[in-house]
Amino acid sequence: MKRFVFTTNLYNTEKYSNALSTLWGNKCAVIKVFSVGQIFLEENGKGALVADNDYIGFVNGYLRDGTLESSELHDHNRSVFSILDRNWPLPGHISQSFSAIKITRDKIFLANDVVGFYPLYYSLIDQELIVSSHLIPISRLREVEIDPVGVLQ
């Protein structure tokens, strides 16, 4: 699974980048998303981003548009991002097992398939939204104490 964190906090870039690099064991890439926020992901995960003039998106999992002849994953992700916020549920020609975030200049869209094999987690505290493909990065950035019983469960 690909790992990412999106936050509306534009002030803790270095702190968050260092915490996530330590957690993931890989250098963290930071991409500013308009004036809305920033995405943190592993340096080698930058290819999973889909960027357009109007949005930036990230897909974790599998999306295929049956109407496309291209075998390039990026083309399929771009096709789905073009309709994600206007056409829900997705049309039948889209094969899917995914979670995704699409960020425009004024909106944030979170989506995943019905099964939820690729979950999305989010936290909204004090006007800061954090969204991630994994729960542990949110806990780390929120400085939540680890619950050993919860980890075992």
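Computed from a prediction, not measured in an experiment: that's the story for all the values here.

Caption draft 1: Spotlight on the nonpolar core. Core analysis: the largest hydrophobic core is formed by 17 residues, its most contacted members being F4, F6 and I39. Per element, the largest residue contribution to this core is 3 residues, and it comes from strand β2 (residues 28–33). Beyond its immediate chain neighbours, meaning those up to four positions away, F4 contacts W24, F40, L41, F58, I101, L120, V131, S132 and S133.

Caption draft 2: Examining the packing of aromatic side chains more closely. What the rule picks out here adds up to 4 aromatic pairs. Aromatic side chains Y55 and F81 sit 5.8 Å apart centroid to centroid with 40° between the ring planes, which places their arrangement in the tilted category. Taken as a pair, Y55 in strand β5 (residues 55–65) and F81 in helix α2 (residues 73–81) lie far apart in primary sequence, 26 residues in all. Its relative accessible area of 7% is what places Y55 among the buried residues. With a centroid separation of 5.0 Å and 90° between ring planes, the pair formed by F117 and Y118 is classed as edge-to-face. Of the residues examined, F117 reaches a relative accessible area of 53% and is grouped as exposed. Under the relative-accessibility criterion, Y118 is labelled buried at 16%.

Caption draft 3: Main features of the sheet that holds β5. One open sheet accounts for 4 strands, arranged β4-β5-β6-β7; its pairing is antiparallel. Edge positions in the sheet fall to β4 (49–51) and β7 (108–112), since each of these pairs with one other strand and no more. Averaged over all adjacent pairs, the angle separating strand axes in this sheet is 25°, with direction ignored. Here β5 runs beside strand β6 (residues 94–104); their pairing, made up of 11 bridges, is antiparallel.

Caption draft 4: Region of interest: the confidence of the model for the protein. Confidence in the prediction of the protein, expressed as mean pLDDT, is 89, and 98% of residues score 70 or more. Per-element confidence in the protein is highest for strand β9 (residues 128–132), whose mean pLDDT is 96, and lowest for helix α4 (residues 148–152), whose mean pLDDT is 74.

Caption draft 5: Examining the environment of G61 more closely. By the secondary structure assignment, G61 is in strand β5. What G61 contacts, discounting residues up to four positions off in sequence, is S97, F98 and Y118.

Caption draft 6: How the structure looks around the side chain of H76. Relative to the helices and strands, H76 resides in helix α2. In this structure the side chain of H76 is engaged in a polar contact, spanning 2.8 Å, whose partner is the backbone nitrogen of D65.

Caption draft 7: Up close: the environment of V36. Mapped onto the fold, V36 is located in the loop between β2 and β3 (37–42). With 26 residues separating them along the chain, V36 and L10 place their C-alpha atoms 8.3 Å apart. For V36, the contacting residues outside a window of four places in its chain are F6, T8, I103, T104, R105, D106 and I108.

Caption draft 8: A look at α2. Three or more residues of α2 are buried, namely H76, N77, S79, V80 and F81. Tucked into the core, α2 has its buried residues touching β4, β5 and β6.

Caption draft 9: Spatial organisation of the sheet that holds β9. With respect to topology, 5 strands assemble into an open sheet ordered β2-β3-β1-β9-β8, the strand pairing being antiparallel. A strand with exactly one partner marks an edge of an open sheet, and here the two such strands are β2 and β8 (121–125). In this sheet, adjacent strand axes meet at a mean angle of 15° when their direction is disregarded. When strand β1 (residues 4–7) meets β3, the two strands line up antiparallel, connected through 4 bridges.

Parameters at a glance
- Residues numbered from 1 in each chain as written.
- Predicted model: local features only at pLDDT ≥ 70, side-chain atom pairs only at ≥ 80, totals over all residues.
- Heavy atoms only, no water.
- Core = buried A, V, L, I, M, F, W, Y, C linked by side-chain atoms within 4.5 Å.
- Buried < 20%, exposed > 50% of the residue type's maximum accessible area, 1.4 Å probe, protein only.
- Helix = DSSP H or I, 4+ residues; strand = E, 2+ residues; numbered from the N terminus.
- Contact = heavy atoms within 4.5 Å.
- Phe/Tyr/Trp six-rings, centres within 6.5 Å; stacked < 30°, edge-to-face > 60°.
- Pairing = 2+ DSSP bridges.
- Axes fitted to C-alpha atoms, helices over the stretch in contact; angles between N-to-C directions.
- pLDDT = per-residue confidence, 0-100.
- Polar contact = N/O pair within 3.5 Å; in protein donor to acceptor, adjacent residues only side chain to side chain.

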